[in-house]
Amino acid sequence: MTCSSFFDKKCGVKTYVFLRTHVEQSICTNLYWGRNRWKPKGTKIFLSEAQANIIEFMYNSRNEYLTHEDIMNASESSENSIMGVFKDTDKVLIGSWAGAMGQGQFMPSSFLNYAVDYDKDKIVYNFVNMDKIFPSRNIKASENPEPIKRNIQALPETFSFEGETKNLQEYLDYFWSDGMIVIHKDEIVYENYWLDNNESKKHISWSVAKSFIYSLVGIAYEEGLIDSLDDPITKYLDDFKNTGYEGVSIKDILQMSTGVLFNEDYADYDSDINRFGRAIATGTSMRDFSRTLTREKEPGTYMHYVSINTQVLGFLLQEVTNRSISEYLYEKIWNPLGMEDSAYFILDDVEDELALGGLNATLRDYAKFGLLYLKNCLLYTSPSPRDGLLSRMPS
């Protein structure tokens with residue numbers, strides 16, 4: 001059998017036919033509509049080039065390296081040649097990508113780059129260009145930007161850590177640091193960039209975004225949009241009933257004591273956090289994924305770091321504010337704090353922000369937010385019995 005390509009009239013994209021073998025069951029669940037849908041070897045599978053990128057990533061994540069060129073060459077090869085490329089040829093999975101194509105349903109192509117986020121040769125570029133990889137929502141600079149005063153000084157060449165003297169620059173180089181800023185007495189005393197980063201580039205926050213989300217929850221509470229932090233999250237998010245979050249209080253979510261079962265080991269391929277990444281990369285919404293989690297312990301009895309907790313708080317903010325996280329962040333923090341530069345959140349397929357770690361901003365604006373915490377988070381001039389709430393939020 002010779003594989004070939006054709007132009008799908010409904011979707012308007014060029015697709016490819018090749019034999020698929022050896023796909024992990026966990027991948028099958030994410031990639032294909034029909035679970036456990038296997039066909040004998042020799043079955044044709046129609047994939048777009050973009051979908052082939054996902055197959056390449058999923059395959060390689062099991063350390064059975066298969067290049068994109070190998071996959072695309074399969075469309076020009078004979079059956080024997082393909083069998084040399086793919087392993088375990090006793091089964092070929094026919095996925096519903098073919099069915100999806102027939103209905104014109106495709107994920108945003110930007111999510112196909114999930115595979116290369118941490119690639120050694122691309123990570124530096126990716127972390128300051130996430131808007132070129134993922135869909136995003138802009139947060140404009142403050143209408144009245146207020147730069148932090150500068151009093152630049154030289155830092156010591158060495159520092160002491162656990163009784164040993166360390167060279168600062170060697171330490172920064174070892175950890176691939178691409179930016180560093182030091183504020184002392186409300187002034188920037190040191191600022192430097194490496195690895196082609198600079199003061200105007202927006203860097204992915206990862207979990208630093210959690211502190212922004214907790215702050216917004218505190219503000220929403222201050223404004224009376226949340227009645228009580230002891231309220232169960234399901235009071236506001238009805239679709240989280242019959243999930244691991246049913247009956248869990250907002251306070252327990254803020255304190256990472258939800259009791260939700262979750263493995264956040266990034267080195268474990270089968271961990272929940274990596275399962276989350278694969279699910280999002282293949283088109284599952286963050287909300288749908290969050291609703292699959294189950295209960296392990298009684299809420300409020302055990303502190304366990306679960307990134308999805310913050311994502312659920314993001315859904316809470318959307319519900320009680322009736323606006324996007326980006327809009328609320330601009331209105332309550334970005335604009336009044338005088339942030340110098342624009343920022344953005346990366347989004348999933350349904351345009352929800354990646355609340356747990358998808359903020360992208362300049363180093364100076366991250367520093368200004370840190371300075372806010374240092375000043376006891378007094379965003380408002382009028383005293384309130386809830387003052388100091390933000391400083392008690394976990395980060």
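Bear in mind that the values here come from a model prediction, so they are computed numbers and not experimental data.

For the rest of this paragraph, the subject is the overall build of the protein. On a plain count of helices and strands, the protein comes out with 14 helices and 14 strands. Restricting the contact set of the protein to residue pairs at least 6 apart, pairs at least 24 apart contribute 72%. For the protein, the exposed area adds up to about 19,400 Å²; of that, 48% sits on carbon and sulfur atoms.

We now examine the pattern of salt bridges. Enumeration according to the criterion identifies 16 salt bridges in this entry. Residues K235 and D231 are paired through a salt bridge, measuring 3.2 Å at the closest nitrogen-oxygen approach. Note on K235: relative accessible area 46%, which makes it partly exposed. The salt bridge involving E331 is made with R323; its shortest N-O contact spans 2.1 Å. Where salt bridges share partners, they join E223, R323, E331 and K332 into one cluster.

To continue, consider a nonpolar patch on the surface. Nonpolar side chains collect at one region of the surface, where Y171, Y174 and F175 lie side by side and expose about 390 Å² of accessible area between them. If you trace the backbone, Y171 turns up in helix α7 (residues 168-174).

Paired through backbone hydrogen bonds, the strands of a sheet run either parallel or antiparallel to each other. Taken in spatial order, the three strands make up an open sheet running β7-β11-β10, and their pairing is mixed. The outermost strands of the open sheet, each flanked by one partner alone, are β7 (149-150) and β10 (179-184). Alignment of β10 against strand β11 (residues 187-193), held across six bridges, turns out to be antiparallel. Residue pairing for β11: I183 is matched across the bridge by I188. Across the sheet, helix α14 (residues 363-374) is in contact with β7, β10 and β11; its angle to β10 comes to roughly 35°.

Over its 15 residues, helix α8 (residues 208-222) extends 22 Å from the first C-alpha to the last, a length consistent with the 21 Å expected when each residue adds 1.5 Å. The element α8 is largely enclosed, with a buried count of 13 among its 15 residues. The positive-phi residue at the C-terminal boundary of α8 is G224, with phi of around 80°.

Another aspect to go through is the environment of F276. Looking at the element boundaries, F276 is found in helix α10 (residues 272-281). Considered as a pair, F276 and S290 are 14 residues apart in the sequence and their alpha carbons are 8.7 Å apart. Beyond its immediate stretch of four places on either side in the chain, F276 contacts M286, F289, I308, L354 and L356.

This part covers the packing of α8 against helix α12 (residues 307-321). For any two helices packed against each other, the geometry comes down to the angle between their axes and how far apart the axes lie. Close contact between α8 and α12 brings their axes to 10 Å; oriented N to C, the two are set at 40°. It follows that α8 is oblique to α12 by the angle criterion. Relative to α12, the crossing made by α8 is left-handed. In this structure, α8 uses K210, I213, Y214, L216, V217 and A220 to contact α12, whose residues at the interface are S307, T310, L313, G314, L317 and V320. Of the residues that constitute the contact of α8 with α12, the class distribution is eight nonpolar, three polar and one charged.

The next point concerns unusual backbone geometry. Even without a glycine there, the phi angle at D186 is positive, about 65°. Mapped onto the elements, D186 comes out in the loop between β10 and β11. Taking relative accessible area as the criterion, D186 reaches 36% and is therefore assigned partly exposed.

Before going further, it helps to spend a moment on the side chain of K210. Here K210 shows up in helix α8. The side chain of K210 sits in the buried core without any salt bridge; E264 is the nearest counter-charge, 5.1 Å away. Within polar-contact distance, the side chain of K210 engages the side chain of Y305 at 3.2 Å. Polar side-chain contacts of K210 include one of 2.9 Å to the backbone oxygen of L356. In this structure, K210 is in contact with M256, Y305, S307, T310, A355 and L356, ignoring residues within four places of it in sequence.

About the thresholds
- Residues numbered from 1 in each chain as written.
- Predicted model: local features only at pLDDT ≥ 70, side-chain atom pairs only at ≥ 80, totals over all residues.
- Heavy atoms only, no water.
- Helix = DSSP H or I, 4+ residues; strand = E, 2+ residues; numbered from the N terminus.
- Contact = heavy atoms within 4.5 Å.
- Areas by Shrake-Rupley, 256 points an atom, 1.4 Å probe, with all protein chains shown as cover.
- Salt bridge = Lys/Arg side-chain N within 4 Å of Asp/Glu carboxyl O.
- Buried < 20%, exposed > 50% of the residue type's maximum accessible area, 1.4 Å probe, protein only.
- Patch = residues over 30% accessible without salt bridge, like charges linked within 9 Å, V, L, I, M, F, W, Y side chains within 5 Å.
- Pairing = 2+ DSSP bridges.
- Axes fitted to C-alpha atoms, helices over the stretch in contact; angles between N-to-C directions.
- Expected span 1.5 Å × (residues − 1).
- Parallel < 35°, antiparallel > 145°, perpendicular 65-115°, else oblique.
- Left-handed = near helix turned anticlockwise from the far one by under 90°.
- Nonpolar A, V, L, I, M, F, W, Y, C, P; charged D, E, K, R; others polar.
- Lys, Arg positive; Asp, Glu negative; His and termini not counted.
- Polar contact = N/O pair within 3.5 Å; in protein donor to acceptor, adjacent residues only side chain to side chain.

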